[in-house]
Amino acid sequence: MSAGHALEGTVCGGSPQISIVVPCYNEVANVAPLVTMLEKVLAGRSWEVIFVDDHSPDGTTGAVREQARQKPYVRGICRIGRRGLSSAVIEGVLSSSAQVVVVMDGDLQHDESRIVALIEAVTSGTCDIAVGSRHVEGGSNAGLANAWRRALSDGGIWLAQCFLPVKLTDPMSGFFALRQETFAAIAPRLSGAGFKILLDLLLSSEKPLTVQEVACGFRPRVAGESKLDAVVMLQFAALLLEKFSRGMVPLRFVAFCLVGLVGVGVNLGVMQMTRLLGVEFSTAQGIGSVAAMIVNFFLDNSFTYRDRRLRGRRCLWGLVLFMLVCSVGAVADVGVAHMMYAQSYKLNEASLAGAVLAVVWNYAMSATIIWRAR
């Protein structure tokens, strides 16, 4: 029996040999159609599908349970209090005991007919990971909704290719297959943040993975909403910086600093505007600082701590705490800078030291008090 056919059979005892891991959020209308599609392309094989749902308010988990009650090859994991595509994939794959795992989105945009080709590329031994690519001959990205999303995707591809240790035309792909043992070996080094788990895998492996690309179409979304936006791309950039620094700089800290730079711009802009209105410098500076804190809080809530996002009253209370924390950081910034300048350090050195202390303080307090893991 050839390696390419080693995973044939039906689910009749023991664990399945193929697991399809589907991270999802608000995909209730896509669950049943996806199961039906998988039944057709994987007929005669030993397989299961694992939906990992981040407690979708639209009832996605309920739809998965309804399928699972009738079909033993459908499983679901409902995560409460945490969100994120990459971490969902990690939990789903590590819950599997199959030989091969396939990762695909739950929005029906990935061409399920290419799953067998991905599996056979891995089981034949020609590669460590098989990737469904839109950018090789026969592939297509027509399903991207508009020119803006295509630009985001193309920009991410170009940026990723600058860092990757392997040649890959579509590092932004969320459709790929590999052996479960390969994934498990890399898992402890994965960031687990953001949406681009394939890139995380390739950059976290101790030795370069061999890759084979399989032409894949990308269909228009039928239901639900796209997760590709500017915030996702910022997380993507932060992931690259974390991996480039070999983990010395955590992704969240990179993201926190990027948001902080936005706050600096807001501070200066608001201060200049209020000065033009005749407000004295110290008052204008205070107004600019408050505006920057508010902007930074909501950006951190939506970007840096997207998986721990605060809502409702908790969001308002978080804003108050954030402004208090940042106020203490600002006082420490001025105090340290003044102390170092008094000790004959150059002005730029003293200012930098104060700023670094303030950033570290704000990040540490934000992570442990405001957006602490629940």
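Look up: the structure comes first, before these words.
As the structure is a computational prediction, the values presented were derived from the model and not from experiment.

*Asks:* Even after reading the chapter, I still don't get the overall build of the protein, so can you show me in this structure?
*Replies:* The helix and strand tally for the protein stands at 12 helices and 7 strands. Looking at the protein as a whole, 47% of its 374 residues qualify as buried. The long-range share in the protein, meaning contacts at least 24 apart out of those at least 6 apart in sequence, stands at 76%. Only carbon and sulfur atoms are counted for the fraction: they give 61% of the accessible area of the protein, which is about 17,800 Å².

*Asks:* Would you take a moment to explain the nonpolar core for this structure?
*Replies:* Of all hydrophobic cores here, the largest spans 31 residues; its most connected members are Ile-20, Leu-38, Leu-42, Val-49, Phe-51, Met-104 and Ile-115. Elements represented by at least two residues in this core include exactly β1 (18–24), α1 (31–41), β2 (47–53), α2 (60–70), β4 (100–103) and α4 (115–123). At 6 residues, the largest contribution of residues to this core is made by α4. Setting aside residues up to four positions removed in sequence, Met-104 forms contacts with Ile-20, Val-21, Val-22, Pro-23, Leu-34, Leu-38, His-110, Glu-112, Ile-115, Gly-174 and Phe-175.

*Asks:* What exactly am I supposed to notice about helix α3 (residues 85–94) here?
*Replies:* It helps to recall that an α-helix has 3.6 residues per turn; residues three or four apart then point in one direction. Of all the 10 residues making up α3, 7 are buried; the element is thus mostly covered by neighbouring parts of the structure. For α3, the set of buried residues is Ser-86, Ser-87, Ala-88, Val-89, Ile-90, Gly-92 and Val-93. Taken together, the buried residues of α3 touch β1, β2, β3 (74–78), β4, α6 (180–186) and α7 (197–204).

*Asks:* Explanation requested: the pairing of β3 in the structure shown.
*Replies:* Every regular strand shows the same layout, with side chains that alternate between the two sheet faces. Pairing of β2 with β3 involves 5 bridges; the strand directions are parallel. Pairing of Val-52 across the sheet is with Ile-77, part of β3. As a crossover connection, the stretch from β2 through α2 into β3 is right-handed.

*Asks:* What am I meant to see in a nonpolar patch on the surface here?
*Replies:* Taken together, Val-290, Ile-294 and Phe-298 make up a surface patch of nonpolar side chains, about 220 Å² in accessible area. Structurally, Val-290 can be placed in helix α10 (residues 281–304). Of the residues examined, Val-290 reaches a relative accessible area of 37% and is grouped as partly exposed.

*Asks:* Just checking my understanding: could you explain the environment of Gln-272 for this structure?
*Replies:* Counting through the fold element by element, Gln-272 comes out in helix α9 (residues 251–276). Given a relative accessible area of 47%, Gln-272 falls into the partly exposed group.

*Asks:* Would you take a moment to explain α1 for this structure?
*Replies:* Taken residue by residue, α1 has Val-31, Leu-34, Val-35 and Leu-38 as its buried positions. All buried residues of α1 project into a common sector of 100° when viewed along the axis, lining one side. Buried residues belonging to α1 abut β1, β2, α2, β3 and α4.

*Asks:* Quick question: what am I supposed to make of the packing of α1 against α2 here?
*Replies:* To describe two helices that pack against each other, one gives the angle between their axes and the distance between the axes. Relative orientation of the contacting elements α1 and α2 amounts to 40°, with a least axis distance of 9 Å. On the basis of their axis angle, the class for α1 and α2 is oblique. For the pair formed by α1 and α2, the contact residues are Val-31, Ala-32 and Val-35 on the first element and Thr-60, Ala-63, Val-64 and Gln-67 on the second. In terms of residue class, the contact of α1 with α2 is built from 5 nonpolar, 2 polar and no charged.

The rules behind the values
- Residues numbered from 1 in each chain as written.
- Predicted model: local features only at pLDDT ≥ 70, side-chain atom pairs only at ≥ 80, totals over all residues.
- Heavy atoms only, no water.
- Helix = DSSP H or I, 4+ residues; strand = E, 2+ residues; numbered from the N terminus.
- Buried < 20%, exposed > 50% of the residue type's maximum accessible area, 1.4 Å probe, protein only.
- Contact = heavy atoms within 4.5 Å.
- Areas by Shrake-Rupley, 256 points an atom, 1.4 Å probe, with all protein chains shown as cover.
- Core = buried A, V, L, I, M, F, W, Y, C linked by side-chain atoms within 4.5 Å.
- Pairing = 2+ DSSP bridges.
- Right-handed = clockwise from strand over helix to strand, strands pointing away.
- Patch = residues over 30% accessible without salt bridge, like charges linked within 9 Å, V, L, I, M, F, W, Y side chains within 5 Å.
- Salt bridge = Lys/Arg side-chain N within 4 Å of Asp/Glu carboxyl O.
- Arc of directions from axis to C-beta.
- Axes fitted to C-alpha atoms, helices over the stretch in contact; angles between N-to-C directions.
- Parallel < 35°, antiparallel > 145°, perpendicular 65-115°, else oblique.
- Nonpolar A, V, L, I, M, F, W, Y, C, P; charged D, E, K, R; others polar.

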